[in-house]
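Read off the chains here:
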Amino acid sequence: MNIEERFIAYCRIDTQSDPDHSDVTPSTQKQFDLAEVLRKELIELGLENVELDEHCYVYGWLPFNTDHEVPTVGFVAHMDTAPDYTGTGVNPRVIACYDGQDIELNPDVIMKVEDFPDLPSLKGKRLIVTDGNTLLGGDDKAGISCIMDALQYYQQHPEVKHGRITVCFTPDEEIGNGPKYFDIEKFGAEFAYTMDGGNIEEVSDETFNAASAKLTFHGFSIHPGSGKDKLINAASLACQYQSLLPQHMTPEHTSGREGFIHLTGIEAGSASAVSEYIIRDHDRTKLQEKKDLMKAAVDYLNAQYGTGTVAIEIQDSYHNMKEVLDAHPQAVETAYRALKELGIDGVSDPIRGGTDGAELSLRGLPCPNLGNGDRNCHGRYEYCVVEEMQLAAELIKKIVALIEEA
C-alpha cells in the first residue's frame, strides 16, 4: 500500500473526538476503529511490543539492527479528528495535477484562490481534497501515514541499518487529552517527534502556553413587566463581560507570536449564563496578564451588580515546550540537518496552538513537531499535498539515518 492509498483509507474511518466527554479517554469509542487497524498493521510490519491499551493508545517498537548503540527515537501522531467540523462520511478526492485555480469541492462549495492565496504555489502538485461536506482528517492521519510508510520501507529493506524506532498513535489530541495516558516509559524513546504540522519545511519547537476560563453569570430574573431597577439579565451580563475584553486580543486580530482571548461558546438565559474561553500566549508572563485582565473584568461587574454575580474559573491546559527543547537541542538540530540533506531549508514556526509534544516535552520527552503536508485543517477546505506527505516520510527516514550515523 502506498502512502496515498494508506492516507485515504485512514481518512474514511470516522475518529472524531468529543469535548463533551473529555472526562473519559477515549472520548469516543469509534477511535478504536482506526486504532485496531493500526495495531494489526504494525504487527504485519514487523514491530514488536505492539499494544492497543484500554485508553486507545497504540504502541510499537521496530527493533534495532545496527551493530552499535544509538539513541532510540520515537514518532507520534494522533488518530482523532477535530470536533469543529463533521468527520462522518469523509469522501477524499485526488487532484492528480492541480492547475493553480479555484477548486470546486462540490457545486455549492468552491475553494477560492482569493481566500487561500497559497494555492497557486502548488500548481502541478498532487492534492487530496474533501467533497465539501466534511473535514478531510489530514490532521493527523497524514502524520500517521508518513510514519507507517517509513516503517513499511524498513520492512521492505532489512539491509538498511537503524536504531530502535518507537511509535505511538494517540487519541483525543484535538480536545487536549492526547498525552493524558501516554506512557513515556513504555514508549521508550530518548526523544521523539510529533508528525502533526503543515508545510514540510516547518520545524516547530514552540507552542502556546494555554489556559481555559469558565465564566458563570447569576442573574435576577423576574417578570420583565415589573423589572425596572430589579431585573439583572444574565445573558446581557455575559455580553457586557465580552465587551469589556480588548477586541484586538481576539484570534481574528492576532498572528505570529501574538496571544489571544477567544470566546468559544455561550449558553445564556435571563436567570443564568455560562461563557467559555480559551487563553493563549507564547510568553507565560503575557498569558498571566491575560488571566489577570479577565479577572479584573469580573471584579468590575461584581462591583457594579453585587459580589458573586459573576464567577470565573481558570485552568491551565499546557505550557510552551520551548523551554525544554532549548535545554535538549538534539531533536531540533537533527530535524534541521535532515531537512537540509533533503534539499529543504527548514524554518522555525511557533505553533499557534498545541500538540501532544508540548506536554510530553514538559514531562521529560523532548518532542518537537514536524510538517506532514496537511493544510486548512479542521474544516471542509482541508487538503493534503501528496508530495509533501511523501517528503515527510523521507524526513523520518533521514532523521533515523542521521541518528544511526552519529
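Our structure's up above, just so we're on the same page.
About the criteria used
Residues numbered from 1 in each chain as written. Predicted model: local features only at pLDDT ≥ 70, side-chain atom pairs only at ≥ 80, totals over all residues. Heavy atoms only, no water. Phe/Tyr/Trp six-rings, centres within 6.5 Å; stacked < 30°, edge-to-face > 60°. Buried < 20%, exposed > 50% of the residue type's maximum accessible area, 1.4 Å probe, protein only. Salt bridge = Lys/Arg side-chain N within 4 Å of Asp/Glu carboxyl O. Helix = DSSP H or I, 4+ residues; strand = E, 2+ residues; numbered from the N terminus. Pairing = 2+ DSSP bridges. Core = buried A, V, L, I, M, F, W, Y, C linked by side-chain atoms within 4.5 Å. Contact = heavy atoms within 4.5 Å. Axes fitted to C-alpha atoms, helices over the stretch in contact; angles between N-to-C directions. Parallel < 35°, antiparallel > 145°, perpendicular 65-115°, else oblique. Left-handed = near helix turned anticlockwise from the far one by under 90°. Nonpolar A, V, L, I, M, F, W, Y, C, P; charged D, E, K, R; others polar.

(A) Spotlight on the packing of aromatic side chains. Overall, the coordinates contain eleven aromatic pairs when judged by the stated rule. Ring centres of tyrosine 57 and tyrosine 59 lie 6.4 Å apart, and the angle between their planes is 20 degrees; this geometry places the pair in the stacked category. Judged by relative accessible area, tyrosine 59 falls into the buried class, the value being 2%. With a centroid separation of 5.1 Å and 70 degrees between ring planes, the pair formed by phenylalanine 182 and phenylalanine 187 is classed as edge-to-face.

(B) Focus on the pattern of salt bridges. For the coordinates displayed, the defined rule picks out 14 salt bridges. Across the pair arginine 375 and glutamate 388 runs a salt bridge, and its minimum N-O distance is 2.8 Å. With a gap of 13 residues between them, arginine 375 in strand E17 (residues 374-375) and glutamate 388 in helix H10 (residues 386-405) connect regions that are remote in the sequence.

(C) Inspection of the pairing of strand E11 (residues 209-218) at higher detail. Within E11, seven of the ten residues are buried, leaving the element largely enclosed by the surrounding structure. Bridging between E11 and strand E13 (residues 272-281) involves ten bridges; their strand directions are antiparallel. The residue bridging alanine 213 from the neighbouring strand is tyrosine 277, located in E13. For E11 and strand E14 (residues 310-318), the ladder comprises eight bridges, and the chain directions are antiparallel. Residue pairing in the sheet places phenylalanine 217 in a bridge with valine 310 of E14.

(D) The nonpolar core, seen in detail. Ranked by size, the top nonpolar core spans 65 residues in total, and within it Phe75, Phe169 and Tyr193 carry the most contacts. For this core, the element with the highest residue contribution is H10, accounting for ten residues. Setting aside anything within four residues of it in sequence, one finds phenylalanine 75 in contact with Ile147, Ile165, Thr166, Val167, Cys168, Phe187, Tyr193, Met195, Ile396, Ile399 and Val400. Among the nonpolar cores identified, the runner-up in size contains 21 residues, and Phe217, Ala234, Ala273 and Leu287 belong to it.

(E) Just the sheet that holds strand E4 (residues 93-95), in detail. Here we have four strands laid out as an open sheet, ordered E4-E7-E18-E17, and antiparallel in their pairing. In this open sheet, the two edge strands, each paired with only one partner strand, are E4 and E17. Against the sheet, H10 touches strand E7 (127-129), E17 and strand E18 (383-385), its axis set at about 60 degrees to E18.

(F) Structural detail: the packing of helix H3 (residues 138-156) against H10. Where H3 meets H10, the axes come as close as 8 Å, and the angle between the chain directions of the two elements is 55 degrees. By the angle class used here, H3 and H10 are oblique. Read as a crossing pair, H3 and H10 show a hand that is right-handed. Between H3 and H10, the residues in contact are Ala142, Ser145, Cys146, Ile147, Asp149, Ala150, Tyr153 and Tyr154 and Met389, Ala392, Ala393, Ile396, Lys397 and Val400, respectively. Counted by class, the contact of H3 with H10 contains eleven nonpolar, one polar and two charged residues.

(G) Representation of the packing of helix H5 (residues 234-244) against helix H6 (residues 284-305). H6 packs onto H5 with a crossing angle of 135 degrees between their chain directions and a minimal axis gap of 10 Å. Here H5 lies oblique to H6, going by the angle between them. For the crossing formed where H5 meets H6, the hand is right-handed. Facing H5, whose interface residues are Leu237, Gln240, Tyr241 and Leu244, H6 presents Met294, Ala297, Val298, Tyr300, Leu301, Gln304 and Tyr305. The residue inventory of the contact of H5 with H6, partitioned by class, reads nine nonpolar, two polar and no charged.

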